[in-house]
Structures are given as structure tokens and as C-alpha cells.
Amino acid sequence: MDVASTMSSIMQQTAGASQTKGADKAKQTQDAKKADYGKTVGNPQLSEKAAEYYKELKSKYGDMEFVLVSKDEIANAKQNAAKYASKDKMVVLVDEEKIERMATDESYRKKYEGIIEMSKSQLGQMASKMSGVDGIKGFGMQVNDNGTASFFAVTQKNNETMVKKLSEKRAAKKAEAKKAEKKAEKKAAEEKIKEKRAEKAAEEKDVEGTGDAKKGVKRPKGKEAEGLPDDYANNDDYEVISASSVEELFKRLEDRQFALRSDSIMTEQETYVGGSIDFRL
């Protein structure tokens, strides 16, 4: 091979290596940007400018949990967001197309940041009101296409079943405790009889000069009722309650709590139907 051919081959190899290196670097940059998205639903892709703006947006609202949604997953976003809901941060679902436009259109950006700000305030107030309510995992909002937001709460699923189940276990626990108490009283009475017999036998042996000492009999205690298993904490099945406004969401949650309380009271009443009532003080 002549010198010219050799030089040409070297240049081609160098160019190829450079292209490969450049492609690898571009892929690494893309992967790094994707990693900066944080939590996602689907496979969203942002331009460099949009990715930078999204980073700034998340920093501005650091007390909220942003979830970036790909355009083909918008309809399913809320159900997926149940995985990210928590008591500490409200979830914000926003799709890639809105972030792209917010990054380049100032008026559009102000409009939707205003929606996020207002939703944050409203949801924060509602979260405070519902802070003592069991079964609520967290709250969130979804940025819509028509300049509005929809709201949701992630709640424990099948709470009605849970209430009935726990009420039944409470009733069973009380019945078991009562049974154990009666058993302990009966055994204590039997032990008392044994004690008296032992005392009498010891006195008779002492009279006969045996000198045997009377032995005390320890009275056994009734078995303590065991605590209820934490079915509520072990249940990881959640559902999403949605509404077009915070007021509507609050009303739905109130209705849910009323239904749960009603179920609980009815179950407790049904448990004691036909039971005896003890009027002793």
C-alpha cells in the first residue's frame, strides 16, 4: 500500500472514531437530560430549552412533586400518579407539549404558572382541612389544555370493606376477651376450692405430726386479648378521586367520609343485635 492510500485509511479511521465518539457523547447528554426530568409517565422528550425551563419550574415550586407526562399517556396520567402521591408534597401532572410551549411563549407560561400557583394555594387549604382524615395518601392537580386544571386525591381503596372487616374483628376481640374473663373466673374459683382443700389437708397432716408446710397456689391470669392486625397499613391498593374544582373534590371526599362513618356505625349496631346488655355498675 502506498503512502497516499495509507494516509487515506488513517484519516477514515480517525473520522469514524470521531463520529462514534460524538454519537456516544450526544447519547450521554440526552440520557443526562432525561434523568433530570425526575418522575415521568410514559417516555417524554424535551428540547434543550424546554428541559432547562422545566428544571427551573421544579426549582421554583420545590414543595410540589412534578411528574412529566408524554403526550400519549395524558389520559392515564392520574392513575400512574397514585404511585407518587404523598402527604408531604402535592403532585403536579404536566405534559411535555405544555412545557415546550411554556419555555418559548411568555404569556402562555405566565398563564399556566398562575394556574399552578392558584392550585397550590387551594389544595394546600383543603389538605389542612382533611389532615385528620384516614385513608388519604395525597393530593394533586393536572394541567389541562383549555387553560384550566383538574384536581384529584389518592385514597385507600375498598375502605367500606375495611371498616366492616375491622368492626367484625373488634366484636370478635370483645367476645374473646369476655370468654377469657369468664374462663379465668371459673379457674380462679376452682383454684380457691383447691386451696381450701390443701389447707385442710395440711392442717390434718400437721395434727398427725407430719410437719408438712402448706403450699400456696398461684392464681392464673386470664389471657390478654391480642391487638388487631393493621389491615389499613398493609393495604397498598389505592384509587383516585377526581374533580374539576377543589370545591367539588372536597365535597366528594366529605361524602366519602360520611359513607364510611355510616357503614362503621351500622356495622357496630349489627354486631350487637341480639346480644345481652349488662347494666351493672
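Shown above is the structure to which this text applies.
Scoring rules and cut-offs
- Residues numbered from 1 in each chain as written.
- Predicted model: local features only at pLDDT ≥ 70, side-chain atom pairs only at ≥ 80, totals over all residues.
- Heavy atoms only, no water.
- Core = buried A, V, L, I, M, F, W, Y, C linked by side-chain atoms within 4.5 Å.
- Buried < 20%, exposed > 50% of the residue type's maximum accessible area, 1.4 Å probe, protein only.
- Axes fitted to C-alpha atoms, helices over the stretch in contact; angles between N-to-C directions.
- Helix = DSSP H or I, 4+ residues; strand = E, 2+ residues; numbered from the N terminus.
- Parallel < 35°, antiparallel > 145°, perpendicular 65-115°, else oblique.
- Contact = heavy atoms within 4.5 Å.
- Nonpolar A, V, L, I, M, F, W, Y, C, P; charged D, E, K, R; others polar.
- 1 Å grid on protein atoms, 1.4 Å probe; cavity = no way out; pocket = protein on both sides within 12 Å on 5 of 7 lines; lining within 4 Å.
- Points joined across faces, edges and corners; volume = space filled by probe spheres on them.
- Phe/Tyr/Trp six-rings, centres within 6.5 Å; stacked < 30°, edge-to-face > 60°.

S.K.: What exactly am I supposed to notice about the nonpolar core here?
M.R.: Formed by 37 residues in total, the largest nonpolar core has its most connected members in Phe66, Ile99, Leu123, Phe139, Met141, Leu249 and Leu253. With 13 residues, the next largest nonpolar core counts Ala81, Ala82, Ala85 and Leu93 among its residues.

S.K.: Honestly, the packing of helix α2 (residues 48–60) against helix α4 (residues 96–104) in this entry has me stumped. Any pointers?
M.R.: Where α2 meets α4, the axes come as close as 8 Å, and the angle between the chain directions of the two elements is 90 degrees. With respect to α4, the element α2 is oriented roughly perpendicular. Within the contact between the two elements, α2 uses Lys49, Ala50, Tyr53, Tyr54 and Leu57 and α4 uses Ile99, Glu100, Met102, Ala103 and Thr104. Per-class residue counts for the contact of α2 with α4 are seven nonpolar, one polar and two charged.

S.K.: Quick question: what am I supposed to make of empty space enclosed by the protein here?
M.R.: Taking a probe equal in size to a water molecule and rolling it over the atoms shows the remaining empty space. Tallied over the full model, the rule gives one cavity of 30 Å³ or more. When its volume is computed, the largest cavity comes out at roughly 40 Å³. If you trace the largest cavity, you find it lined by Val69, Ile74, Leu93, Val94, Asp95, Gln142 and Val143. Contributing elements (two or more residues each) for the lining of the largest cavity: β3 (90–95) and β4 (136–143). With three residues, β3 is the largest single contributor of residues to the lining of the largest cavity. When grouped by side-chain class, the residues that make up the lining of the largest cavity number five nonpolar, one polar and one charged.

S.K.: Mind showing me how you'd approach the packing of aromatic side chains here?
M.R.: Here the distance between the centres and the angle between the planes together describe a pair of aromatic rings. By the definition in use, this model includes three aromatic pairs. Aromatic pair tyrosine 54 and phenylalanine 66: ring centres 6.3 Å apart, planes at 85 degrees, arrangement edge-to-face. Taken as a pair, tyrosine 54 in helix α2 and phenylalanine 66 in strand β2 (residues 64–69) lie far apart in primary sequence, 12 residues in all. Each of the two residues, tyrosine 54 as well as phenylalanine 66, counts as buried. Ring centres of tyrosine 61 and phenylalanine 66 lie 6.5 Å apart, and the angle between their planes is 40 degrees; this geometry places the pair in the tilted category. The two residues tyrosine 61 and phenylalanine 66 agree in class, both being buried. Within the aromatic cluster, the residues linked to one another by ring pairs are Tyr54, Tyr61 and Phe66.

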